[in-house]
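Residue-level listing of the chains:
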Number of protein chains: 4
Amino acid sequence: MPFDELHEECGVFGIYNSPDRHAAVHTYYGLFAQQHRGQESAGIAVTENGKMKYHKKQGLVQEVFDEEMLAFLGGDSAIGHVRYSTTGKNIVENVQPIVRNYREGKIALAHNGNLINAHELRDEMENLGAIFQTTTDSEVILAQLVKNRLTTESLEEAIQETMQIIRGGYSVLVLTNDKLIAFRDALGIRPLTLGIVGDSYCFASESAAIQMVGGEVIRDVAPGEIISLSREGLQSIRVFTESSRFCSFEYIYFARTDSNLNGLNVYSARLEMGRQLFREHGVMADMVIDVPSSGMAAALGYSYESGIPFGRGFFRNSYVGRTFIKPAQNMREAGVNAKLAPITENVKGKRLIMVDDSIVRGTTIRRIVQSLRDAGAVEVHVMVSSPPVRYSCFYGIDTPKRQHLIAAKHSVAEIQQEIGADSLHYLSLEGLRHTLSGASTGSCLACFNGDYPIPGDLTEQSKTCC
Amino acid sequence: MPFDELHEECGVFGIYNSPDRHAAVHTYYGLFAQQHRGQESAGIAVTENGKMKYHKKQGLVQEVFDEEMLAFLGGDSAIGHVRYSTTGKNIVENVQPIVRNYREGKIALAHNGNLINAHELRDEMENLGAIFQTTTDSEVILAQLVKNRLTTESLEEAIQETMQIIRGGYSVLVLTNDKLIAFRDALGIRPLTLGIVGDSYCFASESAAIQMVGGEVIRDVAPGEIISLSREGLQSIRVFTESSRFCSFEYIYFARTDSNLNGLNVYSARLEMGRQLFREHGVMADMVIDVPSSGMAAALGYSYESGIPFGRGFFRNSYVGRTFIKPAQNMREAGVNAKLAPITENVKGKRLIMVDDSIVRGTTIRRIVQSLRDAGAVEVHVMVSSPPVRYSCFYGIDTPKRQHLIAAKHSVAEIQQEIGADSLHYLSLEGLRHTLSGASTGSCLACFNGDYPIPGDLTEQSKTCC
Amino acid sequence: MPFDELHEECGVFGIYNSPDRHAAVHTYYGLFAQQHRGQESAGIAVTENGKMKYHKKQGLVQEVFDEEMLAFLGGDSAIGHVRYSTTGKNIVENVQPIVRNYREGKIALAHNGNLINAHELRDEMENLGAIFQTTTDSEVILAQLVKNRLTTESLEEAIQETMQIIRGGYSVLVLTNDKLIAFRDALGIRPLTLGIVGDSYCFASESAAIQMVGGEVIRDVAPGEIISLSREGLQSIRVFTESSRFCSFEYIYFARTDSNLNGLNVYSARLEMGRQLFREHGVMADMVIDVPSSGMAAALGYSYESGIPFGRGFFRNSYVGRTFIKPAQNMREAGVNAKLAPITENVKGKRLIMVDDSIVRGTTIRRIVQSLRDAGAVEVHVMVSSPPVRYSCFYGIDTPKRQHLIAAKHSVAEIQQEIGADSLHYLSLEGLRHTLSGASTGSCLACFNGDYPIPGDLTEQSKTCC
Amino acid sequence: MPFDELHEECGVFGIYNSPDRHAAVHTYYGLFAQQHRGQESAGIAVTENGKMKYHKKQGLVQEVFDEEMLAFLGGDSAIGHVRYSTTGKNIVENVQPIVRNYREGKIALAHNGNLINAHELRDEMENLGAIFQTTTDSEVILAQLVKNRLTTESLEEAIQETMQIIRGGYSVLVLTNDKLIAFRDALGIRPLTLGIVGDSYCFASESAAIQMVGGEVIRDVAPGEIISLSREGLQSIRVFTESSRFCSFEYIYFARTDSNLNGLNVYSARLEMGRQLFREHGVMADMVIDVPSSGMAAALGYSYESGIPFGRGFFRNSYVGRTFIKPAQNMREAGVNAKLAPITENVKGKRLIMVDDSIVRGTTIRRIVQSLRDAGAVEVHVMVSSPPVRYSCFYGIDTPKRQHLIAAKHSVAEIQQEIGADSLHYLSLEGLRHTLSGASTGSCLACFNGDYPIPGDLTEQSKTCC
């Protein structure tokens, strides 16, 4: 995907009992390694000698935290969160981890995913007198936990009860004065990995974050599993054991290429998607290029399978940040593209296979194809290493409403014409399933085929998110 | 009081149904006029067409809000709050108004005062599963309101039930999508005034804020009264009618000289305190000076009654702000006082009556007296326009713990020696009562005589404050 | 003057050979004490072991410098500057001290005053190839110094030559790697004082700044004098000895009441102005009030001489800063005055003498008088403790153009009608001269009588200022 | 080069007579496209109706300018500058364009390069009385221009005289109220290109900047050429015609892959460097990988020539900014690399050719090689697409002092051992010459062979830079 058309909604990191007050520092690096999962805000809550402190704010991890703040936080244990958000002016309240006071002291919660029944649960609780600070489903999870804690023997039991009630995709870390608990939804829709740094257990959305802090991956938290870390050590409770449905888009676009999710490496999966694309469509040309940078592994796979050389078609300006002033309409019409510029010398006179990971709205790819033609490309064949995105996600990815998904309204032929490609080919659903067959979990393909694995309300109000 | 030894804890302002989206703007000026009641943070919540927006942050009113923000807020109705706080790094959550979601939508609350049973109520509610975001007693009031709303017919009834349960000094404004409600504790400890701007009712802690926005004062909200503004107009409910006990320190030090509280003008009260000081002690000298600027009105009263001319003893540098770097110990010993410098030419060779409003810790007055002697004053007689402060306040003023109150441990003679004055005289309790006799309420004198009008826990944990 | 109608243009401070790297810290406090002389920007240049460092920026002294910056600067010797400016967006270049590289290394200069022939000197030098970074006359002084240094034996000689060429009011501090030199214009129009802190000589615009750092005043730098501090000690050169003309507005409005200028204390001078006002006009009433706070000393003088009691008519809100949003026109018409509010209780029913230090544009005094009437004052007699301001200043005070001076166009009777006073009286020129007779210098009264002591171009282009 | 070991020192952009006040906007995008040439500060000076305005500050282009500022600047003509700098606290004065006042009004100058005789020229001028604001050689160029203008008929003549005096590498843009003039040093060491946007001529360091604003490249400014744009149109003056020596490092590392410099495309040149590496050394393995991202084109060339498949060995975290907190020593020893993480799945068990563009200090490549081994790579052969860097640059690239260049002190065999590679191969000097043979200019190879094309002082003091 060339531009920020699609957003992961959050990454989490947690560490238990880190020596020398290093919990906040490790979480800083664990979040930094997952910055691609959320650039809008970041937060860390720590406990130290049974006391909780936290800091959170809008901004990148490195903008939110400086050395003084990390030294202030210190911490034996910590959880952290990076977040992408769409809300307006007063969003500081929504920044995670959320921290609250309840009967047993302070509790912090960090959540990646989306509940589809958060609004119902919220209404129910409000009718019983509950007060909410935010409109996030994360606060609903926390409120359920605290409520269920009143009638259970332990926080772990309260989590079990909560998991029976909340529905959706969720990977959650909870920090209290003496415990760090992780739990993952029944279908394992969102990722969550257990690792170890020195002698300290840690959790992360992606395995790369564990490697970033010098740790080793132990295993994925299982779908429907609770892992509780306390002075007594690690306790695992498997609440659900149904067949799993992991988000296929993590492999296609979101996750880092060096992450292994459910036993399958992301780079390898993308290579295989590219190979499969050639197997399915067999289009030949002079050069395979990627739409930088997310399409590169699939482009290499296509090149390997087809024998067509891989080359670069674009220079990518990596300095585009939040404060960049977008070119005015007249400049865009003049072909100004702030981020991607064709390497004219390398594309002119060539027939090109351009590999992209996905097409969501389809608003920018037309200009990208055109820029290649303007630079002298003879043919531009677009290969997409995923099936057409025809349905919205309700489990934690910020897909636009259906009416904005180009493939929900248009056939492949129509899209090909719309984007001005000489040909357009998508990976088949079967092909995608094949490339993901090495994962230990099944796949959620709802955004491609509408087969939503969790029954329930799938309207806009169920997209409150973390 | 020469330095910031004592802090009011909050000021509030509210306006109902202001035309042309002017609610936020009026509240801005209403808060600005009450900036002396809290400089640490400021916030405004508005409703417009039944929707609530808000903005709040640490800083002065004019730092927190700019024109763009006021235009964004607009608002038909609004409440606002300025706050002094003592908490640490993560205090943004404590900034008021607090805004929450409950069964009937959003609700905002701004509070001036302190409950003495907030921690008990909080424990009770947490044991029933309640979750708190902050540690302020304001959130306890809001939680009680929402809880009582479940079993009552109206928000006004829920407030009545809440007023039966919460104990302490409080002046509260509550804003919902269709109402603005004010209520004041049974004893009327903290101030609250009703006014009108054009056709719009408004509330403020001090009458001067109502004049600042071009409005007129109607009357004080009565102790134990609820005033509810809605489309049906103004409804008044008198929940308690016991005899009142208004905070005497508002007259002595906190309030603006142009404010009238409970029918008594602050400047006039202070003049009378100064006159009474002379009547009680009759010390003669060459010149009466004030400790700038809070002691000036009492100094003038002393001058009037005694016939001794009033003059200025000090130049006051008004630029000392939060970022000012305090002089190092060695500079302080060299007589460096960043804020007050004696006007040598005017004090040398003179016998001085120096009038201050109160002595709390007594840490700076010694140096002030010394600076006058260094400048050549022959005698320095210190007159304090209040009785010795011997007890902590638990109703909304940030007095230090008893052990830090100089008059709790020392006799007047000892204090006189400590501060190096030729004589030291306090206003008598009877004298103070006399000067406040023009007010429509009785006086709380607990900080002078320990006669706490509300029974209950008076330990540090009951000082959570707004 | 009630509002910021008139601005001093700069204050300076310098210290030579301060032990323990304290030069920057002392200069910080010396500038802080002179913050009223310029609030737009501040800067400090230091030398340490023969190397120069500096920091300067827009903002108050306490905003520009923090402890880290002061520690970085340290310094054996230092000069500093506070500045009021009227320029536009790109003004950081104009912030002083200006620091330049020349043949002998770095040189820094801080200047209070205004040259009237800066533009001519600048044109001359540009025609010879000179390049300027700013449009300030301070840079012209520095350029002259460097130019004259080429043909002289010492920097002191170069200063003497420069003083023969530049014309206007100036008090200048120059810092080089081994010297700190002060010089004052021939007429001593702007103030400059020599003091000592410990064993270190220091200079300041006002004596109060020397007291602020725990130092003692030695004497004023004489008009036309150069004082050079070096390892050889203090050297004084008297370049001019003509009769002096010190700015009378320093006594009337600008300087601190605790400063002594040319041997005359400012507070005492203002008291005498008030006494003289009564002697000249003899108006009786019920109470004398000040326009806070600059009119207070004169109001007290009026009270002393007349026997009419002094009281406060206004509460002054001291929180009005640069970011304060000015009330809209409709609010102002409704009587909203952000800064001054009448103490209704104290003025209603009374005949008042309201003393102000000066009237420049006369735009706000009308509303102030009106607010007293609205509050119930029966009569309002305005007494101004200076003669009518009829001419612009070209020597360092930012008076508006003549056409904006109300007294340049209108008679006293017209002004009285315009501001709505029952009577209006100014101090006579003779009266002013009398009150300043205790100073060791003569007075510049050009803004009152147009008698400009320095011949030359008095057009707008000659007001480039420091 | 994996980390920021080497810095280009500046990029420039200028546009003449842009319609609709678009000069600042176009310059913004032109600078943004060249952000890789300098990330420390940015500035734009414009002229509009013969008046000059400017804004410049530390920070990225998009941080320094917002829409409001661009609208304020507007402009008919403009020059802009991005800068990398090594100086300390007070560097705002050094930010370019430098703007000065001289006899004919304002003049602005933006410079990419480094003079080797700036300090001498500066001393000469200071001895004649010149004053400098900065320590940059850019200010020396400007001072020479202004000085020579006194004795010449036109600014163009003054530039010719100046080019006879200044020695080094320089590409300069000068803006006056009515002209935009570009000039390039005799050897054409630094790049400079002429383009056209609509009907407006423009200049940029790299051709990609011209394409970014929707323009077309006309030709490079020739070595030793002056191009002057005025109302009379474009005037070209060829001051020198000696044989040229363009910086080869622009092709190796600095320039964008989509830029054409002197007729040679950067991407193509790098592909050829990779091909030539294989031709020279012929090392075979299982996979060719790049050190992201600067080594990629050469890695592809190596892959093409050898037939060994290209793959990715690393995930690169692109969020590392200036405020990122560097991992502590113990974390680095644990293998933590904030920016590059090996894709274990793709490198384990493989024999790797790792292609990098250059090795300067050699401090980080050892850890990168080690991280591949830790991830399971069987062999790591390092291929460097440039010859060993053995000499410092004095013409505009911030190479470290010689003693910090690993190849200045060590043989290739020693370096191979130091970095822990199985083999290490550099491109030969002859090979490099061959790959650059398509350029219209000769090459400066001084950093490889010490053959400095401009005689003169090559000590640290001659590295003052733009």
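Trainee: Teacher, can you tell me more about the overall build of chain A here?
Mentor: Within chain A, the regular secondary structure consists of 17 helices and 23 strands. Its C-alpha atoms give chain A a radius of gyration of 23 Å, within 12% of the compact-globule value 23 Å for 466 residues. Projected onto its principal axes, the C-alpha coordinates of chain A cover approximately 70 × 45 × 40 Å. Buried positions account for 63% of the 466 residues belonging to chain A.

Trainee: Could you clarify how one ought to interpret the sheet that holds strand S10 (residues 200-204) of chain B in this entry?
Mentor: Two orientations exist for strands paired in a sheet by backbone hydrogen bonds: parallel and antiparallel. Residue and element names in this part refer to chain B. The strand order across the open sheet built from seven strands is S3-S2-S4-S1-S10-S9-S11, with neighbouring strands paired in antiparallel fashion. The sheet is open, and its two edges are formed by strand S3 (51-58) and strand S11 (216-220), each paired on a single side. Recorded for the sheet is a direction-independent mean angle of 15° between the axes of neighbouring strands. In the sheet, strand S9 (residues 193-197) pairs with S10 via five bridges, with the strands oriented antiparallel. Each residue of the ladder has a partner; that of Gly-195, found in S10, is Cys-202.

Trainee: Help me understand the confidence of the model for chain A, please; the structure alone is not making it clear to me.
Mentor: All names here are of chain A. Per-chain confidence: chain A averages 92 in pLDDT, with 94% of residues scoring 70 or above. Within the model, pLDDT remains below 50 along residues 86-90, and this stretch shows five contacts once partners closer than five positions in the same chain are excluded. Model confidence for the complex: the whole-complex pTM is 0.90, and ipTM, which rates the interface, is 0.93.

Trainee: What is the right way to look at the sheet that holds strand S5 (residues 98-102) of chain A in this model?
Mentor: All names here are of chain A. Taking strand neighbours across the sheet as the criterion, the six strands line up as S5-S6-S7-S8-S12-S13 in an open arrangement whose pairing is antiparallel. Sheet topology places S5 and strand S13 (233-238) at the edges, where each strand pairs with a single neighbour. Neighbour to neighbour, the strand axes of the sheet diverge by 20° on average, direction disregarded. With six bridges connecting them, strand S12 (residues 225-230) and S13 associate as antiparallel partners. Across the sheet, residue Ile-226 finds its bridge partner in S13, namely Ile-237.

Trainee: Just checking my understanding: could you explain the packing of helix H4 (residues 118-127) of chain B against helix H5 (residues 137-149) of chain B for this structure?
Mentor: The geometry of a pair of packed helices is captured by two quantities: the angle between their axes and the separation between those axes. All names here are of chain B. The N-to-C vectors of H4 and H5 enclose an angle of 50°; their axes lie 9 Å apart at closest approach. Considering their axes alone, H4 and H5 lie oblique with respect to each other. For the pair H4 and H5, the sense of crossing is left-handed. Contact residues: Ala-118, Leu-121, Arg-122 and Met-125 in H4; Asp-137, Val-140, Ala-143 and Gln-144 in H5. For the contact of H4 with H5, the per-class residue count stands at five nonpolar, one polar and two charged.

Trainee: Help me understand the interface of chain D and chain A in this model?
Mentor: Think of interface size as the accessible area that goes away when the parts come together; that is how it is often given. Listed by partner, the interface residues are 49 residues for chain D and 49 residues for chain A. Going through the elements one at a time, helix H1 (23-32), helix H2 (61-64), helix H7 (207-212), helix H9 (266-281), helix H10 (296-306), strand S19 (340-342) and helix H12 (344-347) of chain D are the ones with two or more residues in the side of chain D that touches chain A. Counting residues per element, the side of chain D that touches chain A draws most heavily on H10 of chain D, which supplies four residues. Of the residues in the side of chain D that touches chain A, the class split is 27 nonpolar, 16 polar and six charged.

Trainee: Honestly, the interface of chain C and chain B in this entry has me stumped. Any pointers?
Mentor: Residue-level contacts link 49 residues of chain C with 50 residues of chain B. Among the elements of the structure, helix H1 (23-32), helix H2 (61-64), helix H7 (207-212), helix H9 (266-281), helix H10 (296-306), strand S19 (340-342) and helix H12 (344-347) of chain C are those that each provide at least two residues to the side of chain C that touches chain B. Here the side of chain C that touches chain B gets four residues from one element, more than from any other, and that element is H10 of chain C. Looking at side-chain class alone, the side of chain C that touches chain B contains 27 nonpolar, 16 polar and six charged residues.

Trainee: What exactly am I supposed to notice about the arrangement of the chains here?
Mentor: Regarding chain A and chain C, the two do not touch, and the least distance separating their C-alpha atoms is 14 Å. In this assembly chain B lies apart from chain D, the nearest approach of their C-alpha atoms being 14 Å.

Trainee: Where do I start with the relation of the copies chain C and chain B in this structure?
Mentor: The two chain copies are related to each other by a rotation about an axis together with a translation along it. Rotating chain C by 180° and translating it 0.1 Å along the rotation axis places it on chain B, where the RMSD comes to 0.1 Å. Such a combination of turn and shift is consistent with a two-fold rotation axis. Mapped onto chain B, 100% of the interface residues of chain C are again interface residues, and the two copies thus contact each other with one and the same surface.

Trainee: Would you explain the relation of the copies chain D and chain A in this entry?
Mentor: With an RMSD of 0.1 Å, chain D superimposes on chain A once it is rotated by 180° and translated 0.0 Å along the axis. Of the interface residues in chain D, 100% have counterparts in chain A that sit at the interface too, so the contact is made through matching surfaces.

Trainee: Just to check I follow, could you spell out the pairing of strand S8 (residues 180-184) of chain C for this structure?
Mentor: Put simply, side chains in a regular strand alternate between the two faces of the sheet. Residues and elements named next belong to chain C. Burial analysis of S8 places five of its five residues in the buried class, which makes it a mostly covered element. Of the two faces of S8, both are covered, the one formed by Leu-180, Ala-182 and Arg-184 as well as the one formed by Ile-181 and Phe-183. In the sheet, strand S7 (residues 168-176) pairs with S8 via five bridges, with the strands oriented antiparallel. Each residue of the ladder has a partner; that of Leu-173, found in S8, is Ala-182. In this sheet, strand S12 (residues 225-230) lies alongside S8 in antiparallel orientation, the contact comprising four bridges. Bridged to Ile-181 within S12 is Ser-228.

Trainee: Quick question: what am I supposed to make of the environment of Thr-323 of chain A here?
Mentor: Of note, Thr-323 of chain A is situated in the loop between strand S18 (314-316) and helix H11 (329-333). Taking the number of C-beta atoms within 10 Å as the measure of exposure, Thr-323 of chain A has 14 and is therefore partly exposed. Once the C-alpha coordinates of Thr-323 of chain A and Asp-123 of chain A are considered, the two residues, 200 residues apart in sequence, prove to be 38 Å apart. Leaving out residues up to four positions away in the same chain, Thr-323 of chain A has contacts with Gln-62 and Glu-63 of chain D.

Trainee: Looking at this structure, how should I read the domain arrangement of chain A?
Mentor: Residues and elements named next belong to chain A. What the domain assignment lists for chain A is domain 1 (11-244) and domain 2 (265-445). Using only C-alpha atoms to locate each centre, domain 1 and domain 2 end up separated by 34 Å. Between domain 1 and domain 2, the residue contacts involve 15 residues of the former and seven residues of the latter. Contributing elements (two or more residues each) for the side of domain 1 that touches domain 2: strand S6 (105-115) and strand S7 (168-176). Of the residues forming the side of domain 1 that touches domain 2, the biggest block, three residues, is contributed by S6. Grouping the amino acids of the side of domain 1 that touches domain 2 by side-chain chemistry returns five nonpolar, nine polar and one charged.

Trainee: Could you clarify how one ought to interpret the packing of helix H5 (residues 137-149) of chain C against helix H6 (residues 155-165) of chain C in this entry?
Mentor: All names here are of chain C. At a minimum axis distance of 8 Å, the contact between H5 and H6 shows a crossing angle of 125°. Put simply, H5 runs oblique to H6. Considering the relative orientation of H5 and H6, their crossing is right-handed. Every residue of H6 that contacts H5 at Ile-141, Gln-144, Leu-145, Asn-148 and Arg-149 is listed here: Leu-155, Ala-158, Ile-159, Glu-161, Thr-162 and Ile-165. A per-class count over the contact of H5 with H6 returns six nonpolar, three polar and two charged.

Trainee: Explanation requested: the pairing of strand S7 (residues 168-176) of chain B in the structure shown.
Mentor: All names here are of chain B. Most of S7 sits out of view: nine of its nine residues are buried. Inspection of the sheet shows strand S6 (residues 105-115) paired to S7 by nine bridges, in the antiparallel sense. Following the sheet pairing, Asn-112 is matched in S7 by Ser-171. The turn joining S7 and strand S8 (residues 180-184), which pair antiparallel and follow one another in sequence, is formed by three residues.

Trainee: In this structure, what is going on with unusual backbone geometry? I would like to understand it.
Mentor: Most of the time, phi is negative for any residue but glycine, and the peptide bond is trans. With an omega of 0°, the peptide bond between Gln-96 of chain A and Pro-97 of chain A qualifies as cis. Along the chain, the position of Pro-97 of chain A falls in the loop between strand S4 (77-83) and S5. Along the chain, Pro-292 of chain C connects to Ser-293 of chain C via a cis peptide bond; the corresponding omega equals -15°. Within the fold, Ser-293 of chain C resides in the loop between strand S17 (287-290) and H10. In this model, Asp-20 of chain D sits at a positive phi of 60°, which is unusual for a non-glycine residue. Checked against the element boundaries, Asp-20 of chain D lands in the loop between strand S1 (11-15) and H1.

Trainee: Just to check I follow, could you spell out the environment of Leu-300 of chain C for this structure?
Mentor: On the secondary structure map, Leu-300 of chain C appears in helix H10. Considered as a pair, Leu-300 of chain C and Asn-177 of chain C are 123 residues apart in the sequence and their alpha carbons are 48 Å apart. Those residues in contact with Leu-300 of chain C that lie beyond four places of it in its chain are Gly-311 of chain B together with Leu-271, Gly-274 and Phe-310 of chain C.

Trainee: Just checking my understanding: could you explain helix H9 (residues 266-281) of chain A for this structure?
Mentor: Residues separated by three or four positions in an α-helix point in the same direction, a consequence of the helix having 3.6 residues per turn. All names here are of chain A. Spanning 16 residues, H9 covers 23 Å between terminal C-alpha atoms, matching the ideal 22 Å at 1.5 Å per step. Every buried residue of H9 is listed here: Val-266, Tyr-267, Ala-269, Arg-270, Leu-271, Glu-272, Met-273, Gly-274, Arg-275, Gln-276, Leu-277 and Phe-278. At the exit of H9 stands Gly-282, carrying a positive phi of roughly 60°.

Cut-offs used in this document
- Residues numbered from 1 in each chain as written.
- Chains lettered and ligands numbered in written order.
- Predicted model: local features only at pLDDT ≥ 70, side-chain atom pairs only at ≥ 80, totals over all residues.
- Helix = DSSP H or I, 4+ residues; strand = E, 2+ residues; numbered from the N terminus.
- Rg over C-alpha atoms; globule rule 2.2 N^0.38 Å.
- Buried ≥ 20, exposed ≤ 12 C-beta atoms within 10 Å, placed from the backbone.
- Pairing = 2+ DSSP bridges.
- Axes fitted to C-alpha atoms, helices over the stretch in contact; angles between N-to-C directions.
- pLDDT = per-residue confidence, 0-100.
- Contact = placed C-beta atoms within 7 Å.
- Parallel < 35°, antiparallel > 145°, perpendicular 65-115°, else oblique.
- Left-handed = near helix turned anticlockwise from the far one by under 90°.
- Nonpolar A, V, L, I, M, F, W, Y, C, P; charged D, E, K, R; others polar.
- Least-squares fit on C-alpha atoms with pLDDT ≥ 70 in both.
- Domains from an automatic or database assignment.
- Expected span 1.5 Å × (residues − 1).

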